[in-house]
Amino acid sequence: ALMTGSVFGFLAGGKAVDRVGTKPAFLVCHFRYGLVVVVVLGRALVPGMLVPVLGSLCFLFGFVRAVSSIAISTELMALMPAENKSLSSSSCMALQTCGSALSGMLAAWCLHMGVLSPRWSLRELELTSYDSVLLACSAMIILLVVTLGLVPSVLRKSQCMVNH
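Small disclaimer: the values here were computed from a predicted structure and weren't measured.

Core analysis: the biggest nonpolar cluster contains 5 residues, these being Val-17, Ala-25, Phe-26, Ile-70 and Ala-71. The set of elements that each furnish at least two residues to this core consists of α2 (22-41) and α3 (50-79). Setting aside residues up to four positions removed in sequence, Ala-71 forms contacts with Val-17, Thr-22, Ala-25 and Phe-26.

Given a rise of 1.5 Å per residue, 30 residues ought to cover 44 Å, and the 43 Å separating the end C-alpha atoms of α3 matches this to within 8%. All buried positions along α3 are accounted for by Leu-57, Gly-62, Val-64, Ala-66, Val-67, Ser-68, Ile-70, Ala-71, Glu-75 and Leu-76.

As a further point, take the packing of aromatic side chains. Per the stated rule, a full pass over the model turns up 2 aromatic pairs. Consider the rings of Phe-8 and Phe-59, whose centres lie 6.0 Å apart with planes at 50°: the pair is tilted. Taken together, the residues Phe-8 in helix α1 (residues 2-20) and Phe-59 in helix α3 connect sequence positions 51 residues apart. Each ring, one from Tyr-33 and one from Phe-61, has its centre 5.3 Å from the other, and the planes form 50°; the classification is tilted. One end of the pair, Tyr-33, is in helix α2; the other, Phe-61, is in helix α3, with 28 residues separating them in the sequence.

Turning next to helix α4 (residues 85-113). Spanning 29 residues, α4 covers 42 Å between terminal C-alpha atoms, matching the ideal 42 Å at 1.5 Å per step. Where α4 terminates, the next one or two residues include Gly-114, which has phi positive at roughly 75°.

Conventions and cut-offs
- Residues numbered from 1 in each chain as written.
- Predicted model: local features only at pLDDT ≥ 70, side-chain atom pairs only at ≥ 80, totals over all residues.
- Heavy atoms only, no water.
- Core = buried A, V, L, I, M, F, W, Y, C linked by side-chain atoms within 4.5 Å.
- Buried < 20%, exposed > 50% of the residue type's maximum accessible area, 1.4 Å probe, protein only.
- Helix = DSSP H or I, 4+ residues; strand = E, 2+ residues; numbered from the N terminus.
- Contact = heavy atoms within 4.5 Å.
- Expected span 1.5 Å × (residues − 1).
- Phe/Tyr/Trp six-rings, centres within 6.5 Å; stacked < 30°, edge-to-face > 60°.

By themselves, these observations are geometric and do not establish any function.
Dropping the structure here:
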């Protein structure tokens, strides 16, 4: 489901970035990342439909990830200097990979050290420390959308500079 969603996301992502630009694509993708992760927390509300619901959420996550990946690649290509594209792109990808690894290590450390409550409830949902990690990730993704709104879009600047 995740890979199928990615294929459809890559098909739609290029058109979406061309049509609306990278900044709106980033904003929509990040809101949808947060939404998909929050909806995963409600999995206990549909006990008989768990596999179709989680499969649909995996499809949506793959779709959003693919669109976001195209937007990131487009923005990177606009930012990179022409003479050092390979060094620039490899440095950026290395930093992205390190960020992902460090966030995974932080979540694993929190779970291992027992920082988060092993069991808690949210209305009728019984949740675990793993759900706490998902909720924290979702909240941070949505909060960080505000910072994306503060960053100027590179493509608009470069297009304006070429036109003048």
